[in-house]
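Each chain, letter by letter, is given below.
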Amino acid sequence: MAELHLSGVQKIYPNGYHAIHGIDLGVADGEFIVLVGPSGCGKSTLLRMVAGLETVSDGTIDIGGRVVNNLEPADRDIAMVFQNYALYPHMKVYDNMAYGLRNRGMAKDEIDRRVREAAGILEIEPMLDRRPNQLSGGQRQRVAMGRAIVREPSVFLFDEPLSNLDAKLRVQMRVEIKRLQRRLGITSLYVTHDQVEAMTMADRLVVMNGGRAEQIGTPIELYDRPETTFVATFIGSPSMNLLEGTVAEGGTSVALDSGASINLPDPRADLAGRSVTLGVRPEHLTPAADGSGMTLRLDLVEALGADTLLHGHLDGDERRLVTVRLSGHFAPGQDSVQVAATDAVHLFDRETGGRI
Amino acid sequence: MVENRPYLTVLSHLVVILGIIITVMPIWITFVASTHPIEHIMDGTIPMWPGDKFFENYATVLGAGVADAGGIPVGTMLFNSLVMALSITIGKIAISLIAAYAIVYFDFPFRMACFWLIFITLMLPVEVRILPTFAVVANLGLLNSYVGLSLPLIASATATFLFRQFFLTVPEELAEAARIDGAGPWKFFKDILLPLSRTNIAALFVILFIYGWNQYLWPLLVTTDESFYTIVMGIQRMTQAAESLPLWHLVMATTMLAMLPPVIVVVVMQKLFVKGLVETEK
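Only a predicted model underlies this, so the values are computations on that prediction, with no experimental measurement involved. (Residues numbered from 1 in each chain as written. Chains lettered and ligands numbered in written order. Predicted model: local features only at pLDDT ≥ 70, side-chain atom pairs only at ≥ 80, totals over all residues. Heavy atoms only, no water.)

Colleague: Explain the overall build of chain B to me, and be specific about the residues and the numbers.
Modeller: Helix and strand counts for chain B stand at 14 helices and zero strands. Moving toward the C terminus, one meets the helices and strands of chain B in the order α-α-α-α-α-α-α-α-α-α-α-α-α-α. Taking the principal axes of its C-alpha atoms as reference, chain B extends roughly 75 × 65 × 30 Å. Buried positions account for 39% of the 282 residues belonging to chain B. In chain B, once contacts between residues fewer than 6 apart in sequence are set aside, the share between residues at least 24 apart is 71%. By element, 72% of the accessible surface of chain B is carried by carbon and sulfur atoms, the whole surface being about 15,600 Å². (Helix = DSSP H or I, 4+ residues; strand = E, 2+ residues; numbered from the N terminus. Buried < 20%, exposed > 50% of the residue type's maximum accessible area, 1.4 Å probe, protein only. Contact = heavy atoms within 4.5 Å. Areas by Shrake-Rupley, 256 points an atom, 1.4 Å probe, with all protein chains shown as cover.)

So, in structure tokens, the structure goes:
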């Protein structure tokens, strides 16, 4: 159990590609941090640098008060769960879990105790004598977890461990991993591109984009106060609607480029006349009875049961697509709907995409 | 392909049976000839059924040897061939495994150059480089020795290439997991890569053993001492017996014996051999 500190960590590949542009992150003891971002954002690279599988070009990685930049992965007191599990195909489950401990020269009975204990926690005791190819995907996932647990590491590293599982199993394993991490209280770094996984599992999230940490915070912070349009659209499903417009005189509303006007719940007199990107989440748009707000031409209605997703475009701007999430059902047959924003409206600078 | 047409069944069986006859017939004749006295073979008609000299003929070749062919007992030649074939096979596999491991898993200067250097030697069969190789072996004083018989044939581009291709299919994460598990390069090779290559090694063992066993030209060149003669060149010498007709019945018996070890290797390792050629799951 330990804290993990990254300061100014950079990765520059020999071919000059700058993959990570200086990440600072402090992880408290026992905290569950999720690195999330689109493909190629550098999240896996960062994780692999912590693991010691990639060299650190600049900055320091500190695990439990010890700078580990130049240590071999085996000496860093970490354990890693790989996306494809990376189980040794020719070894039995027991040996897969025991291999790392044997390499450390641990006593046989201590190895046995740890493997059986981990197998008990993960409920894989009956499979200890099988080989990985005799196991299902979920069981292999558990063995990979078990291999990490037996090491009793300071830090757990997960590299998209659930992406090879089917949807149902993924939800189940998500809960199990989170519960297990709570129970063991081991500091964890978890990489995923799935924002639902990220939101549900993380104590804190690091949203990465283009090798930079766009925002670090709790899931609710990121949902309620995204600092950039990137975070705003990445967190939350369906994505936040972004609409270009200009703040009206007095700052009480935003005149959209397409013609409609959206009222601001909190007047922003300081921004009057400024070009902004207005962000509003699909679930914060509601039908407006009084004719205010904007007119949405419906393209597609998806009934999900509990709620209904309306996909459409703004009247007057074919390309400006908007999604609305309504709770309950939606009367079919309408080809347009009048919607207005409720309280949660976000304003971003149109040039930089930063929150204002 | 699951069709039930009687004519097709008959036809395909006919083709198979024909194929078997073509393949087995010469071996059968060889066997039959090895069980007759020499007179039966030389009188113009080839017997089709085994004669009564089976034990006599085989005892002669295994024990005393054929006087007209230098009198080397076949047992000695079989042993020489076995030593040579095994040395070549094991040496080739060991060297190729290590070379492929270096090329795939280690990043060193001129790595690709090394790979291509090995690879282009595929284009040069033994016969092309046989004179310089002979000169080297002769200068090293390795003529008439097991080392001289096997060492020059050990380097193998084919096996190196095959192992390289196999190693490339082993997921990279396996090596990384091993690193995290504290396995160094040697441990990873021994504990993980080698066991995973088991079927490939078996397949290559079969192929290379037969290759080594059937070597003819090279042993012919480097051995002048009869005690180092191998069985394949021994057969050839028997057929060229000086001042007398070849003792065909004994030549055939020797041939049967020469066929035996490769057959045993194939039969014993068949299961692994096929697995090594078709297996895709890692």
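Colleague: Tell me about the packing of helix α2 (residues 93-103) of chain A against helix α3 (residues 108-122) of chain A, and please be specific about residues and values.
Modeller: All names here are of chain A. Taken N-terminus to C-terminus, the directions of α2 and α3 make an angle of 135°; their axes are 10 Å apart at the nearest point. Between α2 and α3, the crossing angle belongs to the class labelled oblique. Here α2 runs over α3; the crossing is right-handed. Taken together, the residues of α3 that come into contact with α2 (itself represented by Y94, M97, A98, L101 and R102) are I111, D112, R114, V115, R116, A118 and A119. Across the contact of α2 with α3, the residue classes tally to eight nonpolar, no polar and four charged. (Axes fitted to C-alpha atoms, helices over the stretch in contact; angles between N-to-C directions. Parallel < 35°, antiparallel > 145°, perpendicular 65-115°, else oblique. Left-handed = near helix turned anticlockwise from the far one by under 90°. Nonpolar A, V, L, I, M, F, W, Y, C, P; charged D, E, K, R; others polar.)

Colleague: Explain the sheet that holds strand β20 (residues 346-349) of chain A to me, and be specific about the residues and the numbers.
Modeller: Residues and elements named next belong to chain A. Pairing in this open sheet of five strands is antiparallel, and the strands run β13-β12-β11-β14-β20 from one edge to the other. A single partner strand is all that each edge strand has here, and the edge strands are β13 (261-263) and β20. Across the sheet, the mean angle from the axis of one strand to that of its neighbour is 40°, orientation sign disregarded. (Pairing = 2+ DSSP bridges.)

Colleague: Go over the pattern of salt bridges with me, naming the residues and quoting the values.
Modeller: All names here are of chain A. Summed over all chains, the structure comprises 22 salt bridges over all chains. Here R48 and E54 are joined by a salt bridge, their closest N and O atoms 3.3 Å apart. Here R274 makes a salt bridge to D349, at a shortest N to O gap of 2.5 Å. Here R274 is found in the loop between β13 and β14 (275-280), whereas its partner D349 is found in strand β20, with 75 residues between them in sequence. According to the relative accessible area criterion, R274 is partly exposed, its value standing at 33%. Ionic contacts of the salt-bridge type, sharing partners, join the residues E110, R113, R114, E117 and E152 into one network. (Salt bridge = Lys/Arg side-chain N within 4 Å of Asp/Glu carboxyl O.)

Colleague: Describe in detail the interface of chain A and chain B, supporting the description with residues and values.
Modeller: Each side of the interface is counted separately: chain A has 23 residues, and chain B has 18 residues. Taken together, both faces of the contact between chain A and chain B bury some 1,800 Å²; the carbon and sulfur share is 57%. If you sort the residues of chain A by the area they bury against chain B, Y88, H90 and Y99 of chain A come out on top, with a joint share of 26%. D181 of chain B is the partner of R151 of chain A in a salt bridge, and the nearest nitrogen-oxygen pair spans 4.0 Å. At the boundary of chain A and chain B, one finds eleven residue pairs in polar contact (both at pLDDT 80 or more). Elements that contribute at least two residues to the side of chain A that touches chain B include exactly β6 (78-81) and α2 of chain A. By residue class, the composition of the side of chain A that touches chain B is 13 nonpolar, six polar and four charged. (Buried area = accessible area lost by both parts, 1.4 Å probe. Polar contact = N/O pair within 3.5 Å; in protein donor to acceptor, adjacent residues only side chain to side chain.)

Colleague: With reference to specific residues and values, describe the packing of aromatic side chains.
Modeller: As enumerated under the stated definition, the model contains 27 aromatic pairs over all chains in all. Note on F230 of chain A and F234 of chain A: the rings are 5.6 Å apart at their centroids and 15° apart in plane angle, and the pair reads as stacked. Placement of the pair is F230 of chain A and F234 of chain A together in helix α8 (residues 229-234), with a separation of four residues, close to one helical turn. Judged by its relative accessible area of 18%, F230 of chain A is buried. Look at F115 of chain B and F161 of chain B: their rings are 6.2 Å apart centre to centre, the planes differ by 25°, and that puts the pair in the stacked class. Of the two residues, F115 of chain B sits in helix α5 (residues 111-120) while F161 of chain B sits in helix α8 (residues 157-169), which places them 46 residues apart along the sequence. Of the residues examined, F115 of chain B reaches a relative accessible area of 6% and is grouped as buried. The partly exposed category is assigned to F161 of chain B, whose relative accessible area is 26%. The cationic tip of K11 of chain A hangs over the ring face of Y13 of chain A; the distance from NZ or CZ to the ring centre is 5.0 Å. (Phe/Tyr/Trp six-rings, centres within 6.5 Å; stacked < 30°, edge-to-face > 60°. Lys NZ or Arg CZ within 6 Å of the ring centre and 35° of its normal.)

Colleague: How would you sum up the environment of R170 of chain A? Please name residues and give values.
Modeller: Residue and element names in this part refer to chain A. Mapped onto the elements of the fold, R170 is located in helix α5 (residues 167-184). The class for R170 is partly exposed, based on a relative accessible area of 25%. A sequence separation of 102 residues divides R170 from A272, and the C-alpha atoms of the two residues are 47 Å apart. If sequence neighbours within four positions are ignored, R170 has contacts with L162, S163, L165, D194 and E197.

Colleague: Summarise the UniProt feature "domain: ABC transporter" (unreviewed entry) in chain A; cite the residues concerned and give the values.
Modeller: In the numbering used here, UniProt assigns the feature "domain: ABC transporter" (unreviewed entry) to residues 4-235 of chain A. The distance from the first to the last C-alpha atom of residues 4-235 of chain A is 25 Å, and the span holds 37% helix and 25% strand. (UniProt positions renumbered as here; feature names shortened; annotations may be inferred.)

Colleague: An account of a nonpolar patch on the surface is requested, with residue identities and associated values reported.
Modeller: Judged by side-chain polarity, M112, W116, L117, I120, L122, M123, L124 and V128 of chain B come together as a nonpolar surface patch covering roughly 810 Å² of accessible area. The exposure class of M123 of chain B is exposed, given its relative accessible area of 61%. (Patch = residues over 30% accessible without salt bridge, like charges linked within 9 Å, V, L, I, M, F, W, Y side chains within 5 Å.)

Colleague: Pulling in residues and values, what's your account of the side chain of D349 of chain A?
Modeller: Residue and element names in this part refer to chain A. For D349, a relative accessible area of 12% translates into the label buried. A distance of 2.8 Å separates a polar atom in the side chain of D349 from the backbone nitrogen of E351. Beyond its immediate chain neighbours, meaning those up to four positions away, D349 contacts R274, T277, G354 and I356.

Colleague: Can you explain a positive patch on the surface? Please cite residues and give values.
Modeller: A surface patch of positive charge is lined by K92 and R131 of chain A together with R198, K271 and K275 of chain B. On the secondary structure map, K275 of chain B appears in helix α14 (residues 248-278). (Lys, Arg positive; Asp, Glu negative; His and termini not counted. Charge placed at Lys NZ, Arg CZ, Asp CG, Glu CD.)

Colleague: So, the pairing of strand β3 (residues 32-36) of chain A: which residues are in play, and what are the values?
Modeller: Every other side chain in a regular strand lies on the same face of the sheet, so the side chains alternate between the two faces. Residues and elements named next belong to chain A. In terms of burial, β3 is largely enclosed, as five of its five residues are buried. Residue alternation in β3 divides its side chains into two sets, F32, V34 and V36 and I33 and L35, and both sets are buried. The pairing of β3 with strand β8 (residues 187-192) spans five bridges and is parallel. Bridge pairing links L35 to V191 in β8. Pairing analysis gives four bridges linking β3 to strand β9 (residues 204-209), with the strands arranged parallel. Residue I33 lies in a different strand from β9, and its bridge partner there is R204.

Colleague: Talk me through the packing of α5 of chain B against α8 of chain B; I want residue IDs and the actual numbers.
Modeller: All names here are of chain B. Close contact between α5 and α8 brings their axes to 8 Å; oriented N to C, the two are set at 130°. In terms of orientation, α5 lies oblique with respect to α8. As for the relative orientation of α5 and α8, their crossing is left-handed in sense. Here F115, I118 and F119 of α5 come into contact with α8, specifically with A157, T160, F161 and R164. A breakdown of the residues in the contact of α5 with α8 according to their chemical character gives five nonpolar, one polar and one charged.

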